[in-house]
Structures are given as structure tokens and as C-alpha cells.
Amino acid sequence: MSSDENSAGSSQKRSGSALWMGPRKKAISSNPLVLHGRHFGRTVFALCNYPSLLTAGILRLEELQDSPIEDYPAEETSNGSVRREHRVFMELIDSYPSLLDRLMNGEEEDVIHVGELLGKGASGARGDDTKTLKSAILEWLVPRGQAVIPPLSRNIKFDRGFNHEVTGALLCPAGLDWSNPEIKQNLKSGETAVRGDQWPVFLYAGYEYDPEDPWKGLLKSEILIFGFKHVFTSPSSVDKEPRATRSGNAYLHGMKSVTKGSLAYIATQVRFSLSSSSVFSRTDTVTDSENFYHSILDLLEDPDECEEVVELMTWWTRRIFPNSSHSQRSISTNSALSKIRAKRAALQGQASADST
């Protein structure tokens with residue numbers, strides 16, 4: 001159960017009786033900006049300095065006035081392009097009513113405070129997800145009913161990463177052969193350094209990479225689906241028959257489709273869970289998580305890859321939110337609805353023919 005869900009349930013119980021202390025767990029802030037930061041970090045952009053994002057965004061609005069962001073110089077920063085930064089800023093203010101007015105009319109200290117609250121939510125959600133996925137992912141490494149050999153600890157990660165046969169095979173960069181003893185030893189010893197933009201094979205469906213068609217199966221693996229469901233729809237929804245008794249994070253925030261940011265976020269979280277690193281850090285040069293996260297977003301936001309990305313996001317939304325209108329489900333063959341549509345199309349075709 002996610003911490004967002006726990007906080008909702010705990011607050012309801014506490015309000016029912018002043019004599020009930022409630023469970024001894026870390027309290028989650030009920031500040032709306034903190035709660036919004038939790039969801040925004042998971043679904044739009046996870047690794048950013050929110051006070052700096054807001055401050056720079058306001059200044060950029062004044063510079064741009066009514067000009068589109070495309071008119072702004074496409075300069076690069078240490079964390080990516082200024083245009084991406086501004087798009088994230090605009091999405092943030094568009095997603096929170098009256099936020100822009102509050103920022104424009106407030107003092108600099110107010111802007112920084114708002115940013116700190118959003119950042120607190122984003123980092124808190126990231127920490128919660130990192131903690132729960134650390135143990136949950138062990139259930140997804142091998143088919144149900146089989147055991148991971150040798151066993152992996154749920155609380156200590158030193159034996160994961162390239163130190164273990166199963167996690168090492170999943171983290172092996174696509175294009176390298178994990179079964180090659182020399183490659184395996186070089187990865188394990190660190191002689192072969194793996195950059196964040198060298199994507200692991202676990203991103204691919206069936207954990208199979210086709211160098212002739214690198215888009216084939218990309219970001220469609222089972223372990224990614226499990227990770228997404230664990231974070232967004234509830235841990236129990238990972239099973240074939242969901243047993244969740246409370247609403248998941250997606251429902252609580254009205255999320256009805258998979259976003260590019262959420263897909264990059266889950267890929268980053270799963271990759272870190274498989275690694276031997278114990279602390280998630282943006283500046284960790286071993287896991288290079290920030291570079292990995294940005295490289296996934298670079299692909300998903302590349303206009304030249306639009307056709308493949310649209311297909312990918314539709315595929316994901318159908319898998320996670322099958323009842324959502326965003327799934328664009330096809331009409332069942334021979335259903336009453338399909339016959340109504342077919343008859344209407346025939347009548348319209350006849351009317352068009354008669355008019356000519």
C-alpha cells in the first residue's frame with residue numbers, strides 16, 4: 001500500500017475518535033503543494049530543483065511575454081535544454097489552479113517556499129517508492145513459483161547489480177552478451193563502466209534486444225509493467241486479480257493515462273532497485289540515474305520518434321487503464337455498437353451517393 005493511501009486512511013480513523021492514537025508511522029504532510037509535488041514528480045518530472053525551476057520560469061515568462069518558447073534560444077544546461085525546463089514549468093503551473101498568480105504576486109521568499117514544498121513532495125514520493133520497490137522487485141525477477149538462486153536480501157542491496165546472476169543479466173547493457181565470461185567479469189569489477197544512456201536489456205519485452213530494430217519491444221517489459229502498477233494502481237494490482245481495498249495513487253490524482261514522465265520515472269526506479277547501490281542520488285556516478293532518466297525522456301520527447309512514441313504510450317495506457325477513454329479501445333466485432341456504426345456509415349454513404 002502506498003504512503004499516499006495510508007495517510008488518507010489514517011486521517012479518517014483519527015477523525016473518528018480522539019482517543020485513538022493510530023499507527024506509529026511517518027506522517028505525510030497534508031499541505032496541498034506537497035501532495036501535488038508527489039504526483040507531479042512521479043508523472044511529469046522527477047529530478048529537478050523546484051525553487052530554481054519556479055524562479056527561472058517566472059523570469060522567462062517576463063522575457064518571452066507572448067512569444068512561444070520555440071523563439072527562446074535552444075541553449076543547453078547541465079540538466080538539459082532550457083526549452084524542456086520551461087515546458088516543465090508551464091505544465092506545473094497549468095496543473096495547479098492559481099499557482100501562477102501566487103508566484104507572480106508573491107515575494108521571492110514566497111516563490112522559494114512554494115518550490116521547497118513541491119520539492120518535498122517529489123523527493124518524499126521518490127523515497128517511498130524506492131523503499132517499497134526494493135523488496136517488491138524480488139518477486140518479479142523469476143516466474144511465479146520459482147526461487148531466485150542464490151537468494152537475495154530484501155533489505156540489503158550489496159549482492160544485487162552485476163554481483164548477482166539474475167539482476168546482472170537484467171542490467172546488462174543491450175548489445176552486450178551477459179553469458180560471455182569476460183564481459184560479465186568486466187561489468188562486475190567495474191572495468192566496463194556503464195553510463196546512464198547505455199540502456200539495460202530489462203527495458204525490452206522478453207528481455208530481448210534486436211540491434212536491427214532497437215524500437216522492437218522497447219519499454220514494454222513485464223518488470224516495468226509490474227513496477228508501474230505497484231506505484232500507481234496499488235501493489236496488489238500487480239497480480240492477475242487485483243486485491244486492492246483502497247484507491248491507488250493514479251485514482252487519487254485522477255490519472256487516466258500513462259505519461260512520458262511516469263514511464264521514465266518507473267524505468268529509473270526499477271533500474272535502481274536492481275542495482276547494488278543503497279542510496280538514490282542524482283549525482284551517483286555509478287548508477288548514473290539522472291543521465292538514464294534524461295536519456296529516456298529525450299527519446300520520448302523527440303519529434304522524429306513521434307509515431308513510435310504515440311504507439312508506445314497508447315499501448316501502456318491500454319495495459320494500465322483499460323477502461324479509460326484514453327485507451328482508444330477498438331469496438332468489439334459483431335457487437336450491437338459495431339452494427340449501429342456500420343449501419344450509420346452505410347446510410348451516410350448512400351446519402352452522399354444520392355446527392356451526387
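None of the values given here were measured: they were computed from a predicted structure.

Procedures and definitions
- Residues numbered from 1 in each chain as written.
- Predicted model: local features only at pLDDT ≥ 70, side-chain atom pairs only at ≥ 80, totals over all residues.
- Heavy atoms only, no water.
- Helix = DSSP H or I, 4+ residues; strand = E, 2+ residues; numbered from the N terminus.
- Contact = heavy atoms within 4.5 Å.
- Areas by Shrake-Rupley, 256 points an atom, 1.4 Å probe, with all protein chains shown as cover.
- Phe/Tyr/Trp six-rings, centres within 6.5 Å; stacked < 30°, edge-to-face > 60°.
- Buried < 20%, exposed > 50% of the residue type's maximum accessible area, 1.4 Å probe, protein only.
- Salt bridge = Lys/Arg side-chain N within 4 Å of Asp/Glu carboxyl O.
- Core = buried A, V, L, I, M, F, W, Y, C linked by side-chain atoms within 4.5 Å.
- Expected span 1.5 Å × (residues − 1).
- Axes fitted to C-alpha atoms, helices over the stretch in contact; angles between N-to-C directions.
- Parallel < 35°, antiparallel > 145°, perpendicular 65-115°, else oblique.
- Left-handed = near helix turned anticlockwise from the far one by under 90°.
- Nonpolar A, V, L, I, M, F, W, Y, C, P; charged D, E, K, R; others polar.
- pLDDT = per-residue confidence, 0-100.

Draft legend 1. Quick look at the overall build of the chain. If you tally the helices and strands in the chain, you get 14 helices and two strands. Taking as baseline every contact in the chain between residues at least 6 positions apart, the subset at least 24 positions apart corresponds to 65%. About 19,900 Å² of surface is accessible on the chain, with carbon and sulfur atoms providing 51% of the total.

Draft legend 2. The packing of aromatic side chains, seen in detail. Enumeration over the complete set of coordinates arrives at nine aromatic pairs. Residues tryptophan 315 and tryptophan 316 carry aromatic rings whose centres are separated by 5.7 Å and whose planes lie at 80 degrees to one another, so their mutual orientation is edge-to-face. Taken individually, tryptophan 315 and tryptophan 316 each receive the classification buried, so the pair is uniform in this respect. Ring-pair connections join several aromatic residues into one group, and the members of that group are Phe228, Phe232, Trp315 and Trp316.

Draft legend 3. Quick peek at the pattern of salt bridges. Inspection of every chain in the model, using the stated rule, returns nine salt bridges. The closest approach of N and O atoms between arginine 84 and glutamate 301, which form a salt bridge, is 3.0 Å. Here glutamate 301 lies in the loop between helix H12 (289-300) and helix H13 (306-320) and arginine 84 lies in helix H4 (residues 82-95), a separation of 217 residues in the sequence. The exposure class assigned to arginine 84 is buried, which follows from its relative accessible area of 8%. Of the charged contacts in the structure, one is a salt bridge between arginine 195 and aspartate 197, with a shortest N-O distance of 3.4 Å. On the basis of relative accessibility, which here comes to 48%, the residue arginine 195 falls in the partly exposed class. With a relative accessible area of 38%, aspartate 197 lands in the partly exposed category.

Draft legend 4. Spotlight on the nonpolar core. Counting residues in each nonpolar core, the largest one holds 82 residues, and the members touching the most others are Leu141, Leu203 and Trp316. When residues in this core are grouped by element, the largest group, eight residues, is from helix H11 (residues 260-274). Setting aside residues no more than four positions away along its own chain, leucine 203 makes contact with Gly217, Leu218, Leu219, Lys220, Ser221, Leu224, Ala267, Phe292 and Ile296.

Draft legend 5. View of H12. End to end, H12 covers 17 Å across twelve residues, agreeing with the expected 16 Å (1.5 Å per residue, within 8%). Within H12, ten of the twelve residues are buried, leaving the element largely enclosed by the surrounding structure. Along H12, the residues that are buried comprise Ser289, Glu290, Phe292, Tyr293, His294, Ser295, Ile296, Leu297, Leu299 and Leu300. Close packing links the buried residues of H12 with H4, H11 and H13.

Draft legend 6. Main features of the environment of valine 310. By the secondary structure assignment, valine 310 is in helix H13. On a C-alpha basis, the gap between valine 310 and leucine 300 in space is 9.0 Å, while along the polypeptide they are ten residues apart.

Draft legend 7. Just unusual backbone geometry, in detail. Residue isoleucine 149 is joined to proline 150 through a cis peptide bond whose omega torsion reads -10 degrees. Among the secondary structure elements, proline 150 is positioned in the loop between helix H6 (108-136) and helix H7 (165-171). Backbone geometry at tyrosine 207 places phi at a positive 55 degrees, although glycine is not the residue there. The backbone phi angle of serine 234 is positive, close to 120 degrees, even though this residue is not glycine. Along the chain, the position of serine 234 falls in the loop between helix H9 (222-232) and helix H10 (249-252).

Draft legend 8. Structural context of the packing of H9 against H13. At their nearest, the axes of H9 and H13 sit 11 Å apart, and the two run at 60 degrees to each other. Compared by their axis directions, H9 and H13 come out oblique. Of the two possible hands of crossing, H9 and H13 adopt the one that is right-handed. For the pair H9 and H13, contact is made by Leu224, Ile225, Phe228 and Lys229 and by Trp315, Trp316, Arg319 and Ile320, respectively. Looking at the contact of H9 with H13, its residues break down into six nonpolar, no polar and two charged.

Draft legend 9. Quick look at the environment of proline 322. For proline 322, the location among the structural elements is in the loop between H13 and helix H14 (336-355). On the basis of relative accessible area, proline 322 is assigned to the partly exposed category, the value being 39%. Sequence separation between proline 322 and serine 257 is 65 residues; the distance between their C-alpha atoms is 9.4 Å.

Draft legend 10. Summary view of the environment of glycine 196. Relative to the helices and strands, glycine 196 is located in the loop between helix H8 (181-189) and H9. Distance in space between the C-alpha atoms of glycine 196 and proline 173 is 9.9 Å, their sequence separation being 23 residues. Sequence-distant contacts of glycine 196, defined by excluding residues within four places in its chain, comprise Arg271, Asp288, Asn291, Phe292 and Ser295.

Draft legend 11. Main features of the confidence of the model for the chain. Here the chain averages 86 in pLDDT, and 82% of its residues register 70 or above. Considering each helix and strand of the chain separately, the mean pLDDT is smallest for helix H1 (residues 3-16), with a value of 47, and largest for H11, with 98. In the predicted structure, residues 7-16 sits below a pLDDT of 50 and forms nine contacts with residues beyond four places in sequence or in another chain.

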